[in-house]
Amino acid sequence: MPGPFIQDEQIDSARAAAHEVTQPVIDFIHRHSSVSVERTVLRMFGMDGAGQLGIPLANLMVDKLHAAKVLHKGAAYWYGRALQLGARSPLDAVERLTALPADKLAPLSPEREGNLREAVRQEARAAMGELHSRVEARSALRAELGGMPPAPHKYVIVATGNIYDDVDQARAAAQAGADVIAVIRSTAQSLLDYVPHGATTEGYGGTYATQENFRIMREALDDESKKLKRYVQLTNYSSGLAMAEIAWAAAYERLDMLLNDAMYGILFRDINMKRTFLDQYVSRRICAYAGIIINTGEDNYITTADAYEAAHTVIASQFINESFAHRAGLKDWQLGLGHSFEIDPHRPDTLLLELSQAMLVRRCFPDAPCKYMPPTKHKETDIFFSHAYDVMADLVAIWTRQGIQLLGMMTEAMHTPLLADRYVALKAANYLYKAARGIDEEFVVREDGKIAHRAREVFGRATELLEECRKDGLVAAIGRGRFGDVKRTETGGKGLDGVFERGVDYFNPMLEILEEKA
Amino acid sequence: MAVREARQIIRPYGDRRDDGVIQLSFTLPVPCTERAKEAALQLCQQMGLKDVKVHGMEKAADSYTLFIVYARTEATVDYAAIKIPEVVVHKMGFDELNAFIEKSVGRRVVVFGACTGTDTHTVGIDAILNMKGFAGDYGLERYPWFEAFNLGSQVPNEDLIARAMAKNADAILVSQVVTQRDVHKDNSRAFIDAAKKAGIHGKTLLLLGGPRVDHKLACELGFDAGFGPGTKPSGVANFIVHALLQRQGKEKLGQLFEGAHA
Ligand code: B12
């Protein structure tokens, strides 16, 4: 355990403050829904195809219902109505419903309403049951291959833009020792208000997060895991305007982790807050159900703001992200709280400062598999220096026993990683983990030194920020640019028109199951 | 008659002058075997390299091998014959430049900047425009004699141009960070087309910047100047002021800066 530095009671009260911060947001969440949440429900019913022009069926149906101002009853209800009209397939359901004039969408008799809901509930239970058994199959494979290796889990990125090249690179990385493969998404997917369909071979900066891409990669990794006799995890991004739907597709295709942050979309993609809060909640409920580890995005704060000055915002946000996660049913072992090695290396004492921050994070979240990110922002094009710089992050990761370590790439400042870049990074991390495991048990950090002093200072400022959020509200704090130097308003950003108030008769059997399971 | 400059022949310096030593590393999609090593050797020989030493060969994965090679090249270049446009500013300090603007321009210099297209990277343009600046060098917002507007990222080219025109901007600053499949070039060309359409090309100063940008590229794309990694805001501020005075015919090229289309 790295340091006391601070009292347990101080940590408890920070945690309690964060829980108060998220309370009003949770109240809002329970009274509202969004188009993407409703589309997720339809995907659960198997509506994962695309219609003409490649528009997903779930979008066609939800857009129609939203335009007819009847979505407040829940898409599941209308799905039931379509079934009653005799729909035989998802496409048929969409066609039947979209063919109806708005006034034909009037309520049924109470008895028929009740029957309809019961029938849809049953179908939802079956669908969730199927999801559950797919997840079980994953856990079985993992257990069969001897469980997970000791942390930190070495996490690397593939980003070729072609899912089939990604597969080759992922296999190569696994062979070189990677524990987790992250498939980077195509540029600007966050702003698509739908999930694209099919396999990607021509992406910019990555491939789209699609159900088909997930399937292709997970199958390849299952195969590779069996060959290596070591389970290799897969992760992708559940963020943006289709956050919850992506979580569903990922859960269905047995992904192990998802990048999933309660505020990232608001801050870094200018997605409306209300929309993000709703979508993150449902996406996290799905992760909780499917045993997916989430990775939060606090590292982004300190690539935008200065990492030395803004260190406390990372800690404060981690407490908030943790609270949102707990409120969505996630357990501590599922919380890959994000942070990173990003202090400007031109400063003095940066190794001490980075150790301090990494220790403080572990001190506050001892049971979470924290996700440690490498230097990126201050990476320059001298790959030899970059490599040395990354190795320092490896040392801090093993020293402070981070749960997941994203390995730095020596070519970070130039391009997405080449096969060899990943190999070199894995080789160095393998070496460091072997060389330095247990170093934390050999050295006790002095309570009167620079590391402890800095940890106390950062924690103190984090507490002040949490207190501000508690007093003035999270919305106000975001409005003042407290996180990542980015200011957002409650009504600004993209996707607000997809937020609506739930009706008194709102029906969402998926959420019923997800919420009761917790 | 122009005097011909003396030739200056250079080649890589490894351990001794003109030994021509270079290092390279690459991956071949084959398993790590002696045959793979021979393949690496032949590949380098085909590149025209001499004394090829495949020093390092490692299995990067089952069917990928990483090579580290040292070799000699007999290629040479005449350094004296190379001419490349560069933005050369004889920089004034913060106070000096402000005083200079007051005196020679006589009003605040208006600049607009953004990271345009689908690119979300703001840190670069912020480094140039925001108060705080970059590496201890103040950003343009801090200069009392500049009026700077930073529109952020993912701004459509047309919006940036329209907003700048509405305020009669003297200069527009475009940042491009993502370069995959040359999106930065495509988007920059689109910006220039839009600027031409709006009738400001050749009038308003158009600056391009980003980690993969240099002055030569920016000029080729139709900008007035380009700025790459490590650019300091003070350099940009000085450039804008002098380029502006030059456009107004108040200053001669080469007097305080050489740049534009050198
Ligand atoms: C921070 C960062 C992010 C942050 C951005 C936060 C923010 N608010 O800007 C986040 C996490 C959001 C991000 C996202 C992405 N990123 Co990014 N990111 C970086 C990173 C680590 C640092 C960039 C940075 O801030 N540098 C510091 C600034 C100060 O430097 P600069 O931009 O070069 O600016 C200087 C000069 O170039 C110049 N300048 C820049 N602009 C201008 C303009 C003018 C007019 C002038 C005069 C000067 C000027 O002055 C500045 C000061 O000297 C780089 C890697 C690296 N180390 O470079 C990757 C990097 C740029 N990102 C990359 C990618 C691929 C992405 C994504 C596309 C990933 C994805 N698939 O989702 C997304 C972007 C999505 C999108 N639609 O654009 C790649 C780009 C690869 C390429 N060559 O195309 C890089 C190189 C990482 C990598 N190796 O893969 N990223």
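Structural data are supplied above this passage.
Residues numbered from 1 in each chain as written. Chains lettered and ligands numbered in written order. Predicted model: local features only at pLDDT ≥ 70, side-chain atom pairs only at ≥ 80, totals over all residues.

Caption draft 1: Structural context of the overall build of chain B. Counting secondary structure elements, chain B contains seven helices and 12 strands. Considering chain B as a whole, with its 262 residues, one finds that 36% of them fall into the buried category. Counted over contacts in chain B with a minimum sequence separation of 6, partners at least 24 positions apart contribute 65%. (Helix = DSSP H or I, 4+ residues; strand = E, 2+ residues; numbered from the N terminus. Buried ≥ 20, exposed ≤ 12 C-beta atoms within 10 Å, placed from the backbone. Contact = placed C-beta atoms within 7 Å.)

Caption draft 2: Main features of the site of the ligand. Near the ligand there are 47 residues, and of these Val123, Gly124, Leu173, Ser175 and Gly209 of chain B occur at the shortest range. The ligand is flanked by residues contributed from chains A and B. Sorting the residues of the shell around the ligand by element identifies helix H12 (301-304) of chain A together with helix H3 (123-129), strand E9 (171-175) and strand E10 (205-209) of chain B as the ones contributing at least two each. Among the elements that make up the shell around the ligand, the one with the highest residue count is H3 of chain B (five residues). Residues belonging to the shell around the ligand are distributed by class as follows: 19 nonpolar, 23 polar and five charged. (Near = placed C-beta within 6 Å. Nonpolar A, V, L, I, M, F, W, Y, C, P; charged D, E, K, R; others polar.)

Caption draft 3: Representation of the interface of chain B and chain A within the structure. Contacts between the two partners involve 14 residues from chain B, matched on the other side by 12 residues from chain A. Its residues placed into classes, the side of chain B that touches chain A shows eight nonpolar, four polar and two charged.

Caption draft 4: Here's a closer look at helix H1 (residues 34-46) of chain B. Residue and element names in this part refer to chain B. Compared with the 18 Å implied by 1.5 Å per residue over 13 residues, the 18 Å span of H1 between its first and last C-alpha is a close match. For H1, the complete set of buried residues consists of Ala36, Ala40 and Cys44. An end-on view of H1 places all buried positions within 80 degrees of arc, on one side of the element. H1 presents Glu34, Arg35, Glu38, Gln42, Gln45 and Gln46 as exposed residues on the side facing more than 90 degrees away from its buried surface. Following H1 by one or two positions, Gly48 has its phi on the positive side, about 90 degrees. (Expected span 1.5 Å × (residues − 1). Arc of directions from axis to C-beta.)

Caption draft 5: Quick peek at the environment of Asp92 of chain A. Residues and elements named next belong to chain A. Mapped onto the fold, Asp92 is located in helix H5 (residues 90-99). For Asp92, a count of 14 C-beta atoms within 10 Å translates into the label partly exposed. With 10 residues separating them in the primary sequence, Asp92 and Ala82 have C-alpha atoms 8.4 Å apart.

Caption draft 6: Broad picture of the packing of helix H1 (residues 8-31) of chain A against helix H18 (residues 450-472) of chain A. All names here are of chain A. Where H1 contacts H18, the two axes come as close as 8 Å, and the packing angle between them is 30 degrees. The angle between H1 and H18 falls in the class roughly parallel. As H1 runs across H18, the sense of the crossing is left-handed. On H18, the residues that touch Ala14, Ala17, Ala18, Glu20 and Val21 of H1 are Ala462, Thr463, Leu466, Glu467, Cys469 and Arg470. Along the lines of polarity and charge, the residues of the contact of H1 with H18 split into seven nonpolar, one polar and three charged. (Axes fitted to C-alpha atoms, helices over the stretch in contact; angles between N-to-C directions. Parallel < 35°, antiparallel > 145°, perpendicular 65-115°, else oblique. Left-handed = near helix turned anticlockwise from the far one by under 90°.)

Caption draft 7: Representation of the pairing of strand E4 (residues 64-72) of chain B within the structure. Residues and elements named next belong to chain B. Where strand E2 (residues 21-28) lies against E4, eight bridges are found, and the strand directions are antiparallel. Bridge pairing in E4 places Ser25 opposite Ile68. Pairing geometry for strand E3 (residues 50-61) and E4, over eight bridges, is antiparallel. Paired with Met57 across the bridge in E4 is Phe67. Counting the residues in the hairpin turn of E3 and E4 gives two residues. (Pairing = 2+ DSSP bridges.)

Caption draft 8: Focus on the sheet that holds strand E3 (residues 180-183) of chain A. All names here are of chain A. Across the sheet, nine strands lie side by side as E7-E6-E5-E4-E3-E2-E10-E9-E8; this open sheet has parallel pairing. What marks the edges here is a single partner per strand, and that holds for strand E7 (335-336) and strand E8 (338-340). Note: E8 against strand E9 (residues 371-373), three bridges, orientation parallel. Along E9, the bridge assignment pairs Gly338 with Lys371.

Caption draft 9: Fine view of H1 of chain A. All names here are of chain A. In this model, H1 (24 residues) spans 35 Å end to end at C-alpha, consistent with the 34 Å of a helix rising 1.5 Å per residue. The sharpest bend along H1 comes to roughly 30 degrees, located at Gln23, with the proline Pro24 sitting one to four residues further on. Among the residues of H1, Ala14, Ala17, Ala18, Val21, Thr22, Val25 and Ile29 are the ones counted as buried. In this fold, the buried residues of H1 make contact with strand E1 (32-34), helix H11 (273-290), helix H13 (311-327), H18 and helix H19 (474-479). (Bend = angle between axes of the 7 residues up to and from the residue.)

Caption draft 10: How the structure looks around the sheet that holds strand E8 (residues 146-155) of chain B. Residues and elements named next belong to chain B. The parallel open sheet is built from five strands, whose spatial order is E8-E7-E9-E10-E11. Edge strands, defined here as strands with exactly one partner in the open sheet, are E8 and strand E11 (225-227). Averaged over all pairs of adjacent strands, the angle between their axes in this sheet comes to 20 degrees, without regard to strand direction. In this sheet, E9 lies alongside strand E7 (residues 109-116) in parallel orientation, the contact comprising five bridges. Bridge pairing in E9 places Ala114 opposite Val174.

Caption draft 11: Just unusual backbone geometry, in detail. Residues and elements named next belong to chain A. Of the consecutive residues Ala151 and Pro152, the connecting peptide bond is found in the cis state with omega at -5 degrees. The topology assignment puts Pro152 in the loop between helix H6 (110-144) and strand E2 (153-158). With a phi close to 60 degrees, Lys69 is a non-glycine residue in the positive phi region. Residue position: Lys69 is located in the loop between helix H3 (57-67) and helix H4 (75-84). On the neighbour-count criterion, Lys69 (10 C-beta atoms within 10 Å) is exposed. In the Ramachandran plot, Arg254 falls in the positive-phi region, its phi being about 65 degrees despite a non-glycine side chain. Here Arg254 shows up in the loop between helix H9 (243-252) and strand E5 (257-259).

Caption draft 12: Spotlight on the environment of Gln246 of chain B. Relative to the elements of secondary structure, Gln246 of chain B occurs in helix H7 (residues 233-247). Separated by 205 residues in the primary sequence, Gln246 of chain B and Leu41 of chain B place their C-alpha atoms 55 Å from one another.

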